[in-house]
Amino acid sequence: MEKLLLVALLSGWPVVLDGDTIVLDGTHIRVANIDAPEIHGYHCDAELRLGMAAKRRLVELLNSGPVTVHPGDPKSGRLTDRYGRTLATIDVDGHDVGDILIGEGLARPWTGKRRPWCD
């Protein structure tokens, strides 16, 4: 049975760290199905700009409707990443935020390996 974490007023508001990482009730959650540009440890100005745009958009999305966190990476089944963050997909009002960010060019599908964002 899949465990769902429902985000509501009583459980607190997520804090967005970057385009693919949030903190909810003290738990760091990495959006499992995307790779967003870095804003900490970025490699070029273009990566930073795109990373900041991805972060802003994720904030907008999380504030736009009911949020559901689905723990676990849907491809690998892993529950945490190598940094100890919880892996999860996140839906807002029934729409996958990873798919939205990818569709808007603010992230790309996670392939299991980071790729450079700079030319």
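Residues numbered from 1 in each chain as written. Predicted model: local features only at pLDDT ≥ 70, side-chain atom pairs only at ≥ 80, totals over all residues. Heavy atoms only, no water.

A. Molecular detail of the layout of surface pockets. Taken as a whole, the largest pocket spans an internal volume of roughly 300 Å³. For the largest pocket, the lining is made up of 16 residues, of which Asp 81, Arg 82, Tyr 83, Arg 85 and Trp 110 are closest to its centre. Classifying every residue of the lining of the largest pocket gives 4 nonpolar, 2 polar and 10 charged. (1 Å grid on protein atoms, 1.4 Å probe; cavity = no way out; pocket = protein on both sides within 12 Å on 5 of 7 lines; lining within 4 Å. Points joined across faces, edges and corners; volume = space filled by probe spheres on them. Nonpolar A, V, L, I, M, F, W, Y, C, P; charged D, E, K, R; others polar.)

B. Broad picture of the packing of aromatic side chains. Under the defined criterion, the tally for this structure stands at 0 aromatic pairs. Over the aromatic face of Trp 110 sits the side chain of Arg 30, whose NZ or CZ is 5.0 Å from the ring centroid. (Phe/Tyr/Trp six-rings, centres within 6.5 Å; stacked < 30°, edge-to-face > 60°. Lys NZ or Arg CZ within 6 Å of the ring centre and 35° of its normal.)

C. Inspection of the pairing of strand S3 (residues 21-24) at higher detail. Of the two faces of S3, the one carrying Thr 21 and Val 23 and the one carrying Ile 22 and Leu 24 are both buried. Of the strand pairs in this sheet, strand S2 (residues 15-18) and S3 are connected by 3 bridges, and their pairing is antiparallel. Directly across from Val 15, in S3, lies its bridge partner Val 23. Counted between consecutive antiparallel strands, the loop separating S2 from S3 contains 2 residues. Judged from the 4 bridges that link them, S3 and strand S4 (residues 27-31) form a sheet pairing that is antiparallel. Residue pairing for S4: Leu 24 is matched across the bridge by Thr 27. Taking the residues between adjacent antiparallel strands as the criterion, S3 and S4 are bridged by 2 residues, where Asp 25 takes a positive phi near 50°. (Buried < 20%, exposed > 50% of the residue type's maximum accessible area, 1.4 Å probe, protein only. Helix = DSSP H or I, 4+ residues; strand = E, 2+ residues; numbered from the N terminus. Pairing = 2+ DSSP bridges.)

D. Expanded view of the nonpolar core. The biggest cluster of nonpolar side chains holds 20 residues, and the ones touching the most others in it are Ile 22, Ile 29, Leu 58, Leu 62, Val 69, Ile 90 and Leu 101. Secondary-structure elements contributing two or more residues to this core are S3, S4, helix H1 (45-62), strand S6 (67-71), strand S7 (86-92) and helix H2 (97-103). With 4 residues, the top contributor of residues to this core is H1. (Core = buried A, V, L, I, M, F, W, Y, C linked by side-chain atoms within 4.5 Å.)

E. View of the state of the cysteines. A full pass over the atoms with the stated rule returns 1 disulfide. Covalent S-S linkage joins Cys 44 and Cys 118, the inter-sulfur distance amounting to 2.1 Å. The sign of the -100° torsion about the S-S bond sets the Cys 44-Cys 118 disulfide as left-handed. On the criterion of sequence distance, the pair formed by Cys 44 in the loop between strand S5 (34-35) and H1 and Cys 118 in the segment after strand S9 (108-109) is long-range, its members being 74 residues apart. (Disulfide = S-S within 2.5 Å.)

F. Region of the structure containing H1. Helix length check: H1, at 18 residues, gives a terminal C-alpha distance of 26 Å against a target of 26 Å (1.5 Å per residue), a fit within 8%. Turning to H1, its buried residues number three or more, namely Glu 47, Gly 51, Ala 54, Leu 58, Leu 61 and Leu 62. The buried residues of H1 all sit within an arc of 85° when viewed along its axis, so they share a single face. Residues Asp 45 and Arg 49 are exposed on H1 and point more than 90 degrees away from its buried face. On its buried face, H1 sits against S2, S3, S6, S7 and H2. (Expected span 1.5 Å × (residues − 1). Arc of directions from axis to C-beta. Contact = heavy atoms within 4.5 Å.)

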